[in-house]
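# Working through the structure, step by step
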Amino acid sequence: MAARLVERLYHIQDNTLVEIRKAWEERGLTGEAVRYEYFSIENAHTYIDQLSSRVYASPNIEDRIKVRTLLGQIYHNALHDRFEEARDALLMSHLSDSLHTMDSTNQVLYNRVLVQIGLAAFRLGLLSECVNILGELCCSPKIKVLLGQGLTRGVVDKEERRRFYPLHMHISLEVLDSVFLISALLVDTPTLLSETDRRNQSLSLKKLRAFIDSTERNYFISSPEQSRDYIYAAYKELVKGRWRTVYATLLQINLWKTISNPEKVKKVLLSRVKESACRCFIINYGIALDTVDFDYLTRTLEFTPEELRSLISRIALFENQNVSLTEEPAGISIQKKEGSTLQRLAFTLSEKATQLVHHNEKLLDSKVGSYGFSEKELQETQTRGGKPKPKSGGPRNLAQQTRKKYANPGRGKTTR
């Protein structure tokens, strides 16, 4: 009985129970009528813990039911943003070691628990943990089947029906995809800009790179309409370090209408957007700048000096970036390092373009400007105060050719 109550309760949020309780009170069903109904529970967290303890202590219950009760308890904790408690319970259970021996229903529930833990990490601003947890599931093409929300075969048999969850328990795949891409955008974009070797990449980085490449292969990219369009538009602005535009673009996604406590999540997301924009700024402009003014970054990113110092210190210690803080003058020193392949090609192209412009100017000067003299000879002639004399055998000046033509109008004509 305790295991069945956990099955009925673990996926329901506390605010939903409050609304159901209000509805019962409006109908007058209070007191003895709902004393034993689980809808009348005021503290579902404590109640589920008590039920789970009964299940674990009973020697007559199968291990499969105990595992399912444990997963339901972890799911409920993750659903209410108790991330550390849910993560530690899942790791201490070592269920991942025996996952291949579980039945299909427990495997599906295990995948759903992972998704809820990842969503809880996103709501708390733990984007790196969110990417690591959701990476394998979100990169799988069979995610609907793994979450018990899709069919593997055309004919639905008994085993298939056991894995399939009802519609009111479905996890929105659009929300899941948006959460994963936003987390990968803010975590992996600096790595994407600085990385030249594509070996040993994380799953989230591969997913982000594939998403960007597939979008850029389109012949026409219209204004954002869907969630993925907004995320791509935010990526283009994040590369340039425009955190205000990135944040405003991400707020237009439909994700915020379905997420719990959206204002708190938006506030945490704003801080993560600023940090990612600072990292992208250092990577993009570090090849051309030696020092960045500390006050300039503080004003631009709207950080306090303590927050910016903490961020730069973390970038220098944990992210293998050659940056350091300088005291006099107050700024951020960026050590030069070899740029990426694209940056090296861009610098080579700019150098060749500069050489081409220089040669064109010299050719133009030889035609109309310096009478065929080199720059050194022209400077020497101007220093002497004399009039430059054209080189022998060189191209004639256009003005000289014009004067000669009109001074001797009959020259060059033949008579019969």
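Notes on the structure in this doc start here. (Residues numbered from 1 in each chain as written. Predicted model: local features only at pLDDT ≥ 70, side-chain atom pairs only at ≥ 80, totals over all residues. Heavy atoms only, no water.)

Next up on the list: the environment of Tyr 110. Structurally, Tyr 110 is set in helix H6 (residues 104-123). Using a relative accessible area of 9% as the deciding quantity, one classes Tyr 110 as buried. Placed 15 residues apart in sequence, Tyr 110 and Leu 95 show a C-alpha to C-alpha distance of 8.6 Å. The contact partners of Tyr 110, leaving out residues within four places of it in the chain, are Leu 71, Leu 90, Leu 95, Ser 96 and Leu 99. (Helix = DSSP H or I, 4+ residues; strand = E, 2+ residues; numbered from the N terminus. Buried < 20%, exposed > 50% of the residue type's maximum accessible area, 1.4 Å probe, protein only. Contact = heavy atoms within 4.5 Å.)

On to the layout of surface pockets, then. The gaps left among the atoms become clear once a water-sized probe is rolled over them. When its volume is computed, the second largest pocket comes out at roughly 500 Å³. Along the wall of the second largest pocket there are 19 residues; nearest its centre are Gln 13, Leu 79, Gln 116, His 170 and Thr 258. The set of elements that each furnish at least two residues to the lining of the second largest pocket consists of helix H4 (63-79) and H6. Counting residues per element, the lining of the second largest pocket draws most heavily on H6, at four residues. Considered class by class, the residues forming the lining of the second largest pocket number eight nonpolar, nine polar and two charged. (1 Å grid on protein atoms, 1.4 Å probe; cavity = no way out; pocket = protein on both sides within 12 Å on 5 of 7 lines; lining within 4 Å. Points joined across faces, edges and corners; volume = space filled by probe spheres on them. Nonpolar A, V, L, I, M, F, W, Y, C, P; charged D, E, K, R; others polar.)

Time to look at H6. The terminal C-alpha atoms of H6 lie 29 Å apart, and with 20 residues this matches the ideal 28 Å at 1.5 Å per residue to within 8%. Among the 20 residues that make up H6, 19 are buried, leaving the element largely enclosed by the rest of the structure. A positive phi of about 85° marks Gly 125, the residue just after H6. (Expected span 1.5 Å × (residues − 1).)

The topology assignment puts Asp 177 in helix H10 (residues 173-194). Polar contacts involving the side chain of Asp 177 include one to the side chain of Arg 228, which spans 3.0 Å. (Polar contact = N/O pair within 3.5 Å; in protein donor to acceptor, adjacent residues only side chain to side chain.)

This paragraph deals with empty space enclosed by the protein. This model, assessed by the stated rule, comprises two cavities of 30 Å³ or more. For the largest cavity, the calculated volume is near 40 Å³. Phe 122, Gly 125, Leu 127, Val 265, Val 268, Leu 269 and Arg 272 are the residues that line the largest cavity. The greatest single-element share of the lining of the largest cavity, amounting to four residues, is contributed by helix H14 (residues 262-285). Tallied by class, residues from the lining of the largest cavity come to five nonpolar, one polar and one charged.

On to the packing of aromatic side chains, then. To describe a pair of aromatic rings, one takes the distance between the centres and the angle between the planes. In total, this model carries three aromatic pairs according to the counting rule given. Taking the ring centre of Tyr 165 as reference, the NZ or CZ of Arg 112 above it sits at 4.1 Å. In this structure, Lys 274 is placed above the aromatic ring of Trp 243, and the distance from its NZ or CZ to the ring centre is 5.0 Å. (Phe/Tyr/Trp six-rings, centres within 6.5 Å; stacked < 30°, edge-to-face > 60°. Lys NZ or Arg CZ within 6 Å of the ring centre and 35° of its normal.)

What follows is about the nonpolar core. In this structure, Phe 122, Ile 182 and Leu 250 are the most contacted members of the largest nonpolar core, which totals 82 residues. When sequence neighbours within four positions are dropped, the list of residues in contact with Leu 250 reads Ile 182, Leu 185, Ala 234, Trp 256, Leu 269 and Val 273. (Core = buried A, V, L, I, M, F, W, Y, C linked by side-chain atoms within 4.5 Å.)

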